[in-house]
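Okay, here's what each chain looks like letter by letter:
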Amino acid sequence: MRDARRPAVFAAGVALLLALPLAHAQQAVVRSYDAPELEVGQAWLMHSGGRCFAVLPFHVAQETSVPSLLREGPRGLRGEGVEVVDLGDDAAVAVLAGGIGQDCGYSVGSIPRSVERRLRDGGLGTLRSVNGDGTLGRLAVTVVDDDGAGLLRVLPTVEGERIRKGHSGSLLLLGDQPVGMLLSVSARSGVGTVIRTDALMAKVDAFVRGGVAAPAPAVASSPAQGPAAAGAIAPASGAWQVTGWSVDPTGSGHIAARLTSGGSEGFWAARVPQWPAAVELGGPDAVRIVRGVEFIAGEAGDSPALPARVQVMTSVNAERPAWRAVTSGTLEYVDGVARLEFLPVRARLLRLEIYATRGAPAEVALGRVRILEGER
């Protein structure tokens, strides 16, 4: 017999969902590998069609040769821009690589476009940003102008507080909904210029549909732009490649993607504030039989920063990794190569955890890694 209460229960559930705060604001701080102490700006994380990308002011993307992103929250997920597309009006999209893709914001289609009602309800809001350690920052602001053409202007509500340069890319929230992204701030007046969400998302929608054809030349032509922009770094299709890392490189020329790049030039070097340092590798289009890893010093030479004590973990699930430790040991380099072998296992992902180097206390360096496949 049909339960007559179901429509009422369903309606109540829908009302409850509609009453929940909108949480379409997952962000990352944008930093520079070459000046890690600086917070260059902010980015709004989104995904569509299997791609993870960041929406940010174009001038923020231009300030670094490789935009480095640290996602909000305790997991410390990192990523980097491998292609930057200029959307016009100082807005841009950066297609991302790295572990940040494991939790890359909300889908483009789920983000509210309409902001008119929020703007009519009042002009008191918050600039939401991410600090250099991944914690959230908030600055109370007042909307002082709406030019009717997609731009708002805001001022801090509390006397003495200022919108700083590193806030560019922060989200303007009215209540719990993002209504815009901060593009810039006037050093003279302290007034911040915000592009409204409806205007911004119209540009993002055009990018997703393919209406924006090419990366911005000023960014894509940079020789250190990242894995997808530098031919020497991009691995072959289906080959193992770096998909995540837990530590930042010492500079834009030493990014983690070097570990699986073609050729022999360049090497990975990273600062390690706390051990272990971890690198994750994936990319195969099917489960592989893996039996070992070769650690190749390459241009890192006989550095004391070469990995010494490591653990290898694997996962057969690429979407939701379930890591299983398969071996650990101390590396011995012969002619610049150390090999760590184990019983063959099935794997889609590998995680290399480095617990110590040959002598460097806070840095690690390595030329390449090679995954050994197949039965012995």
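Placed above this text is the structure.
Residues numbered from 1 in each chain as written. Predicted model: local features only at pLDDT ≥ 70, side-chain atom pairs only at ≥ 80, totals over all residues. Heavy atoms only, no water.

Novice: Sorry, what's going on with the overall build of the protein here?
Specialist: In terms of helices and strands, the protein carries five helices and 23 strands. For the protein, with 376 residues in total, the buried portion stands at 49%. A fraction of 69% describes how many contacts in the protein between residues 6 or more apart in sequence connect residues 24 or more apart. Summing over all exposed atoms, the protein offers an accessible surface of approximately 17,000 Å²; the carbon and sulfur share of this is 53%. (Helix = DSSP H or I, 4+ residues; strand = E, 2+ residues; numbered from the N terminus. Buried < 20%, exposed > 50% of the residue type's maximum accessible area, 1.4 Å probe, protein only. Contact = heavy atoms within 4.5 Å. Areas by Shrake-Rupley, 256 points an atom, 1.4 Å probe, with all protein chains shown as cover.)

Novice: Please explain the state of the cysteines as it appears in this structure.
Specialist: Disulfides are covalent bonds that link the sulfur atoms of two cysteine residues. Applying the stated rule across the entire model yields one disulfide. Note on cysteine connectivity: C52 is disulfide-linked to C104, with sulfurs 2.0 Å apart. Measuring the twist about the S-S bond at about 80 degrees, one finds the C52-C104 disulfide to be right-handed. One end of the pair, C52, is in strand β3 (residues 51-57); the other, C104, is in the loop between β6 (91-97) and β7 (106-107), with 52 residues separating them in the sequence. Looking at C52, the relative accessible area reads 10%, which means it is buried. Judged by relative accessible area, C104 falls into the buried class, the value being 6%. (Disulfide = S-S within 2.5 Å.)

Novice: Explain the sheet that holds strand β14 (residues 241-245) to me, please; I cannot follow it from the model alone.
Specialist: Strands belonging to one sheet form pairs held by backbone hydrogen bonds; the direction of such a pair is parallel or antiparallel. Within the open sheet, the five strands sit side by side as β14-β16-β21-β18-β19. Their pairing is antiparallel. The open sheet terminates on both sides in strands that have one partner only, identified here as β14 and β19 (324-330). Neighbouring strand axes in the sheet, compared pairwise and without regard to direction, differ in orientation by 25 degrees on average. The sheet contact formed by strand β18 (residues 307-315) and strand β21 (residues 349-357) spans eight bridges and is antiparallel. Paired with T314 across the bridge in β21 is L350. (Pairing = 2+ DSSP bridges. Axes fitted to C-alpha atoms, helices over the stretch in contact; angles between N-to-C directions.)

In short, the description is geometric, and any link to function would need to be established separately.
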